Amino acid sequence: MAESNKPGDFSSIPILDWSLLSTPEGKSKFIGELQHALVNVGFLYLSNPPVAREVMDKLIEYTPRLFDLPQEEKESIRMTNSPHFFGYTGVGAEITKGKTDQREQFDFGTPYECRWKPGDPDFVKLWGPSQWPKEELIPGFNDLYLRYLAEVEQLSNEFTGLLAEAFELPEDAFAPFFSGSTKPKPGVVQHRTKVIKYPARKEGGSDQGVGPHFDGGFLTFLLQASDHPGLQVQNLTGDWIDAPPIPGTFVVNIGKALENVTQGLARATSHRVLSPPPGSTPRYSIPFFQFISQEVLLSDFKLEFKPEILKLKESRGQLGAVDSVNYAEYGLYPAGHVTLIGRVRSHPDVGERHYPDLFKQLFPNGMPAQGTAY
């Protein structure tokens, strides 16, 4: 790794302790550490989060059982059934940067009833109910997962307020991105989540669990649900930095929407996952993606930062070439349409069935062999 004294050339992921927020002195320390992580790293570990540890641990226990369901049962809730892009996706269905992603996954969302009606933009149809496995096949999973989602959603809402403090903005600075609420409220915006299995790679096979990419939306809260390393984060000079699992923590990272609205102060960081080595057990992870209102056009908003805050971006160093380019459409289209473009690119079979006009625009030569975000 090249030597550098620029803050953005980080060599490890900072760990922030949520319990510091319980005292004024601790909160001041937390906000300072958060500001550094937002501007210079784009990733952080959050220890002692306000999500029940027993819920986190129980969900981790459930995760292998979800993938052990009979294949016909998994296929019965496959994503092609859902205009909301919820459900099951098998291994090898997606490619990133020209290579196949070796992961199997279920997509779910926070509770939401679809409000689309004829004449509405297609992206309104993106939000709606999840497809869940049958209760009798994995008793208690659905209720536990919904409890987990409610607690992580609340954490994401509280974290948004801390973002404002870290950038010395008014408490309600981010309200326009969440349907105008002073603080985000459950049920106003639908957030997405995945349960992912990365199988061990085959001898001589690709180690790409998922290729280099950015996340969309505002924030991602990742529960690493097994003790396998594999998550890597790219610093300013292009080096890949390991983010191994730390029990009881979330990995929190910045999405491209948040980077956009903060004029690049908050940094969306390129990241990837390497598959476990041959002979290993699978790696599991559970990301929660915090989204914003679908109608928001990010270019319509400009947050006003103090000059000394804007200077933080200069001090971190210039961004070198990174391996991720997705979500470049923010600022050109409403946030919901940007998300829909990404979903159809990644899952063209769903797009062809439920969004045929957009599918034809993105794939004028017809159905590709695999989906690709870029």
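Right above here is the structure, for reference.
Residues numbered from 1 in each chain as written. Predicted model: local features only at pLDDT ≥ 70, side-chain atom pairs only at ≥ 80, totals over all residues. Heavy atoms only, no water.

### Things to note about the sheet that holds strand E8 (residues 208–213)
And step 1. Strand order in the open sheet formed by 4 strands is E8-E13-E10-E11, with antiparallel pairing between adjacent strands. Here the strands that pair on one side only, and so sit at the sheet edges, are E8 and strand E11 (240–242). Averaged over all adjacent pairs, the angle separating strand axes in this sheet is 25°, with direction ignored.
And step 2. Sheet topology places strand E10 (residues 231–234) next to E11; 3 bridges connect them, and they run antiparallel. The residue of E11 that forms the bridge with valine 233 is isoleucine 241. (Pairing = 2+ DSSP bridges. Helix = DSSP H or I, 4+ residues; strand = E, 2+ residues; numbered from the N terminus. Axes fitted to C-alpha atoms, helices over the stretch in contact; angles between N-to-C directions.)

### Concerning the packing of aromatic side chains
And step 1. Counted under the stated rule, the structure contains 27 aromatic pairs.
And step 2. A ring pair is formed by tryptophan 18 and phenylalanine 30, whose centres lie 6.1 Å apart and whose planes are at 85°; its orientation type is edge-to-face. On the criterion of sequence distance, the pair formed by tryptophan 18 in the loop between strand E1 (15–17) and helix H1 (24–41) and phenylalanine 30 in helix H1 is long-range, its members being 12 residues apart. For the pair formed by tryptophan 18 and phenylalanine 30, the shared burial category is buried.
And step 3. With a centroid separation of 5.7 Å and 70° between ring planes, the pair formed by tyrosine 62 and phenylalanine 141 is classed as edge-to-face. Of this pair, tyrosine 62 sits in helix H2 (residues 53–67) while phenylalanine 141 is found in helix H4 (residues 141–166), placing the two residues 79 residues apart along the sequence. With respect to class, tyrosine 62 is no different from phenylalanine 141; both count as buried.
And step 4. When the ring centre of tyrosine 355 is taken as reference, the NZ or CZ atom of lysine 125 above it lies at 5.3 Å.
And step 5. Against the face of phenylalanine 214 rests lysine 256, its NZ or CZ located 4.4 Å from the ring centre. (Phe/Tyr/Trp six-rings, centres within 6.5 Å; stacked < 30°, edge-to-face > 60°. Buried < 20%, exposed > 50% of the residue type's maximum accessible area, 1.4 Å probe, protein only. Lys NZ or Arg CZ within 6 Å of the ring centre and 35° of its normal.)

### So, the side chain of threonine 160
And step 1. With respect to the helices, strands and loops of the structure, threonine 160 is situated in helix H4.
And step 2. Within the local environment of threonine 160, its side chain forms a polar contact with the backbone oxygen of serine 156, the two atoms lying 2.9 Å apart.
And step 3. If we skip the residues at most four places from it in the chain, threonine 160 touches Phe174, Phe178, Leu219 and Gln290. (Polar contact = N/O pair within 3.5 Å; in protein donor to acceptor, adjacent residues only side chain to side chain. Contact = heavy atoms within 4.5 Å.)

### Structural notes on the sheet that holds strand E6 (residues 104–109)
And step 1. Strand order in the open sheet made by the 8 strands is E1-E2-E12-E9-E14-E7-E6-E3, with mixed pairing throughout. Since the sheet does not close on itself, it has two edges, and those belong to E1 and strand E3 (87–89), each with one partner. Ignoring strand direction, the axes of neighbouring strands in this sheet form an average angle of 25°.
And step 2. Direction of pairing for E6 relative to strand E7 (residues 192–198): antiparallel, over a ladder of 6 bridges. Of the residues in E7, the one forming a bridge with glycine 109 is arginine 192.
And step 3. Of the strands in this sheet, strand E2 (43–47), E6, E7, strand E9 (219–224), strand E12 (250–254) and strand E14 (283–289) touch H4, which is tilted by about 135° from E9.

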